[in-house]
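These are the residues of each chain, in order.
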Amino acid sequence: MDSEVMDWDSVYRGEGDFEGPPPWNIGEPQPELAELIRAGKVRSDVLDAGCGVAELSLALAAQGYTVVGIDLSDTAIAAATKAAEERGLTSATFVQGDITAFTGYDGRFNTILDSTLFHSIPVEGRDGYLSSVQRAAAPGARFFILVFAKGAFPAELEEKPNEVEEDELRAAVSKYFDIDEIRPAFIHSTMQQFGDGAPQFPPRDTDEKGRMKMPAFLVSARKPA
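- The protein is annotated in an unreviewed UniProt entry as SAM-dependent methyltransferase from Mycolicibacillus trivialis.

1. Digging into the overall build of the protein
Part 1 of the argument: Check the secondary structure of the protein and you find six helices and seven strands.
Part 2 of the argument: Expressed as a percentage of its 225 residues, the buried residues of the protein come to 52%.
Part 3 of the argument: Pairs at least 24 residues apart make up 73% of the contacts formed inside the protein by residues separated by at least 6 positions.
Part 4 of the argument: When the accessible surface of the protein is summed, it comes to about 10,200 Å², and 46% of that surface belongs to carbon and sulfur atoms.

2. Points about unusual backbone geometry
Part 1 of the argument: At the junction of S44 and D45, the peptide bond is cis and its omega measures out at -10 degrees in the coordinates.
Part 2 of the argument: The residue A54 is not glycine, and still its phi comes out positive at about 75 degrees.
Part 3 of the argument: Along the polypeptide, A54 turns up in the loop between β1 (46-49) and α3 (55-62).

3. A closer look at the pattern of salt bridges
Part 1 of the argument: Scanning the entire structure with this criterion turns up 13 salt bridges.
Part 2 of the argument: The closest approach of N and O atoms between E168 and R126, which form a salt bridge, is 2.9 Å. Of this pair, E168 sits in helix α6 (residues 166-173) while R126 sits in helix α5 (residues 126-136); the two residues are 42 residues apart in sequence, bridging distant segments of the chain.
Part 3 of the argument: Of the residues examined, R126 reaches a relative accessible area of 7% and is grouped as buried.
Part 4 of the argument: Linking R222 and D180 is a salt bridge whose minimum nitrogen-to-oxygen distance equals 3.0 Å. Taken together, the residues span a long stretch of sequence, with R222 in strand β7 (residues 212-222) and D180 in strand β6 (residues 178-189) at a distance of 42 residues.
Part 5 of the argument: Residue classification places R222 among the partly exposed residues on the basis of a relative accessible area of 31%.
Part 6 of the argument: D180 sits in the partly exposed class, given a relative accessible area of 42%.
Part 7 of the argument: If you follow the salt bridges from partner to partner, you end up with E28, D207, K209 and R211 in one network.

4. Examining the sheet that holds strand β5 (residues 137-148)
Part 1 of the argument: Spatially, β3-β2-β1-β4-β5-β7-β6 is the arrangement adopted by the seven strands of the open sheet, whose pairing is mixed. The strands lining the two open edges of the sheet, one partner per strand, are β3 (92-96) and β6. Sheet twist, expressed as the mean angle between neighbouring strand axes with direction ignored, is 20 degrees.

5. With respect to the pairing of strand β4 (residues 109-115)
Part 1 of the argument: By the criterion of burial, β4 is predominantly enclosed, with seven of the seven residues buried.
Part 2 of the argument: Where β1 lies against β4, four bridges are found, and the strand directions are parallel. Opposite V46, over in β4, you have T111 as the bridge partner.
Part 3 of the argument: With α5 bridging β4 and the parallel β5, this β-α-β connection has right-handed handedness.

6. Let's talk about the packing of aromatic side chains
Part 1 of the argument: In this structure the tally under the stated criterion is seven aromatic pairs.
Part 2 of the argument: Where Y105 meets F109, the ring centres are 5.6 Å apart and the plane angle is 35 degrees; that geometry is what we call tilted.
Part 3 of the argument: Judged by its relative accessible area of 0%, F109 is buried.
Part 4 of the argument: Summarising the aromatic geometry, the rings of F148 and F153 are spaced 5.0 Å apart at their centres and angled 85 degrees between planes, so their arrangement reads as edge-to-face. Both residues of the pair, F148 and F153, belong to the buried class.

Here is what the cut-offs are and how they apply
- Just so you know, the residues in each chain are numbered from 1, in the order the chain's sequence is written.
- With the structure being a predicted model, the display of local features is reserved for residues of pLDDT at least 70 and the display and counting of side-chain atom pairs for 80 or more, all residues being used for whole-chain, interface and lining totals.
- Hydrogens and waters are ignored; side-chain quantities use all the structure's heavy atoms.
- Runs of E in the DSSP output that reach at least two residues are strands. Runs of H or I that reach at least four are helices, and both are numbered from the N terminus.
- For every residue, the accessible area (1.4 Å probe, protein chains only) is compared with the maximum for its type, and the residue is labelled buried under 20%, exposed over 50%, or partly exposed between those bounds.
- The contact criterion used throughout is that any non-hydrogen atoms of two residues lie within 4.5 Å.
- In short, Shrake-Rupley with a 1.4 Å probe defines the accessible areas, and a residue's cover is counted only from the protein chains shown.
- Salt bridges, as used here, are contacts in which a Lys or Arg side-chain nitrogen is within 4 Å of a carboxyl oxygen on Asp or Glu.
- Strand pairing requires that DSSP identify at least two bridges connecting the strands.
- Geometry is summarised by axes, namely lines fitted to C-alpha atoms with helices restricted to the contacting stretch, and by angles between N-to-C directions that run from 0 to 180 degrees.
- When the strands point away from the viewer and the path from the first strand over the helix to the second turns clockwise, the crossover is right-handed.
- Any Phe, Tyr or Trp ring, taking Trp's six-membered ring, that has another such ring centre within 6.5 Å forms a pair; planes under 30 degrees apart are called stacked, those over 60 apart edge-to-face, and the others tilted.

And the structure:
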């Protein structure tokens with residue numbers, strides 16, 4: 001998937017390989033990011049980069065944060081907008097756009113959250129993404145990235161996200177942000193084992209809801225003040 005952009009509209013219409021939304025869209029914020037919110041590390045305004053159907057944005061708006069979600073998929077943006085309207089969440093807005101080249105938000109956001117987006121971007125699009133996010137960040141803004149680590153998926157699997165090594169992640173992000181920490185983390189997923197004859201996941205721990213805990217990194221970085 002190095003240079004491929006997935007057809008996310010098909011995925012969010014339930015027509016993709018997953019037979020529904022991506023398995024890491026779990027109906028609530030990823031636990032690693034939920035803990036950051038509980039710890040008071042998120043400040044408005046917030047950019048939800050690659051928001052998808054926006055469980056994270058909606059949860060933040062329900063707590064009083066002002067959030068803008070940007071995603072490539074019209075289908076996901078329509079679903080997120082409808083959910084915000086149904087819940088009366090007026091502080092969350094959603095925009096369809098290419099996250100690797102978006103403009104119009106210069107210096108606005110005090111927090112940028114990347115919940116499983118980075119590994120979905122073609123490798124050659126990473127620099128444009130990080131440059132665009134850096135431009136949209138206010139001085140001193142915090143940037144958090146939750147991304148699949150190398151080995152999260154079976155090595156033999158032909159189509160999978162662009163998992164990262166810590167060194168390549170550090171090299172990419174540090175061009176635009178000061179990195180405070182990169183630590184091992186988990187992406188909680190409803191992913192199931194593949195069918196007979198397909199590569200299989202090694203044994204993984206599960207959380208209290210039975211979701212697979214897949215190896216990941218959590219990046220904590222900031223834009224220089």
